[in-house]
Amino acid sequence: MTHPVRFSPSVEQVKPDEAETIRGLEEQLDSIQQTTAQDYKTGFRAVHAKAHGIAIGRLTVTAGLPPDLAQGIFSHPASFDAVIRISTNAGDVLDDAIALPRGLALKVMDVPGDRLPGSEGETSQDFIMVNGPVFTAPDTAAFLKNLKLLAKTTDVAEGGKKVLSSVLQGVNAALSAVGYESPTIQQLGGAPQVHPLGETYYSQTPYRFGDYIAKFSLVPVAASLTSLTGVKIDVTDRPDALREDVSRALIEHGGEWELRVQLNTDLDKMPVEDSTVEWSEDESPFVTVATLEIEPQISWQHGTSDPQDDALSFNIWRGVTAHQPLGNINRARNETYRRSAAFRGRVNGCPIHDPRTPQDIAAE
């Protein structure tokens, strides 16, 4: 029987030039936010700027978890208020005809446990996931190169992006047909134009899982959601098609997902510092530790949802020490996420805060 690797600070290897690379990432993200603020006269996130839905639900920890899985906020049966935000990864607010990877951020509210540095005054555990199992860059240096390319496209005419996206979707489909997936092509506009509620979302990067190390996934399990898996959305003359279709589906039936973890069982085969390596599910399958239930509700309403979105922020470093983000990509996201939220707060005149209850969100 294969046993999970125990967490130790030694599983992380900080490169000598990492701090300098992170400063470069901050410069590029600052540039994206400054450009979009000038264009739209408001402050947006540096990445995942456009939300397609915000919904409030309840996360329930699975009862009777074995000791390896009963870790951190999952150590005891409990139920927590939660909120999800569905988005795409661009730093500008684009027509949905431009096909990009989907993102889902999950905020679990009022969780117990010792807090991560910088998160001491907050009470949430945030998870940020994308509908693909691996990150687009092996380390922060490669991530910086990719980000420089994306930053250059932030202020490019939308019409050109739509044409490029159409071409790249064809390229991606051809590659997928022969069993090859290109995260880079998808990130540039060639992602499948699929329904966000039918997708499985992955943390892509590793985290401490109490005594162990793990990656997370959020998997749709309700029939109303799994029936949407792989379903293509018609974006013709519908710049906000994703918001419209997500809202319609959640109004009609809400949803249910399973939050799962994949424990690290071999540091060589499942590296902490290279998030382009997919951890084999044959070696260590994802296992359910909690269920997320969302009752039928309106997930986006202009005039109401916009200020709620402005006031919300998600940061993987907002959480408990038992779920500390690991690896160089995650270390780079610490201060960069805080800077992005602070920029939005200054530009929009709306201080970012961590909600303790669903009522805190509804009151925005």
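Just so we're clear, the structure is a prediction, and the values are computed from it rather than from any experiment. (Residues numbered from 1 in each chain as written. Predicted model: local features only at pLDDT ≥ 70, side-chain atom pairs only at ≥ 80, totals over all residues. Heavy atoms only, no water.)

A. The arrangement of unusual backbone geometry in detail. A positive phi angle is found at Asp110, which is not glycine, with a value near 55 degrees. By the element assignment, Asp110 lies in the loop between β3 (102–108) and β4 (125–130). Phi angles above zero are rare outside glycine, and Asp237 is one such case at about 55 degrees. If you trace the backbone, Asp237 turns up in the loop between α5 (223–226) and α6 (241–253). (Helix = DSSP H or I, 4+ residues; strand = E, 2+ residues; numbered from the N terminus.)

B. Main features of the pattern of salt bridges. Throughout the structure, instances matching the rule amount to 22 salt bridges. Asp211 serves as the salt-bridge partner of Arg6, at 3.9 Å between the closest nitrogen and oxygen. Of this pair, Arg6 sits in the segment before α1 (18–40) while Asp211 sits in the loop between β6 (207–209) and β7 (212–220); the two residues are 205 residues apart in sequence, bridging distant segments of the chain. The exposure class assigned to Asp211 is partly exposed, which follows from its relative accessible area of 36%. Notably, a salt bridge pairs Arg45 with Asp309, separated by 3.2 Å at the nearest N-O pair. Taken together, the residues span a long stretch of sequence, with Arg45 in the loop between α1 and β1 (51–61) and Asp309 in helix α7 (residues 305–311) at a distance of 264 residues. When salt bridges with common partners are traced through the structure, they connect Lys107, Glu122, Asp126, Arg318 and Asp354 into a single cluster. (Salt bridge = Lys/Arg side-chain N within 4 Å of Asp/Glu carboxyl O. Buried < 20%, exposed > 50% of the residue type's maximum accessible area, 1.4 Å probe, protein only.)

C. Up close: the nonpolar core. Of all hydrophobic cores here, the largest spans 55 residues; its most connected members are Phe74, Ile84, Leu106, Leu197, Phe209, Trp257 and Leu292. When residues no more than four places from it in sequence are discounted, the contact partners of Ile84 are Gly53, Ile54, Ala55, Leu104, Ala105, Leu106, Trp257, Leu292 and Ile294. Listed in part, the 13 residues of the second largest apolar core include Ile32, Ala46, Phe135 and Phe143. (Core = buried A, V, L, I, M, F, W, Y, C linked by side-chain atoms within 4.5 Å. Contact = heavy atoms within 4.5 Å.)

D. Looking closely at the environment of Tyr201. Locating Tyr201 in the fold gives a position in strand β5 (residues 201–202). It is 7.6 Å that separates the C-alpha atoms of Tyr201 and Pro133, two residues lying 68 residues apart in sequence. Non-local contacts of Tyr201, meaning those with residues more than four positions away in its chain, are made with Arg102, Gly103, Leu104, Met129, Val130, Asn131, Pro196, Phe216, Ser217 and Leu218. Within polar-contact distance, the side chain of Tyr201 engages the backbone oxygen of Pro196 at 2.7 Å. (Polar contact = N/O pair within 3.5 Å; in protein donor to acceptor, adjacent residues only side chain to side chain.)

By themselves, these figures tell us nothing about what the structure is for.
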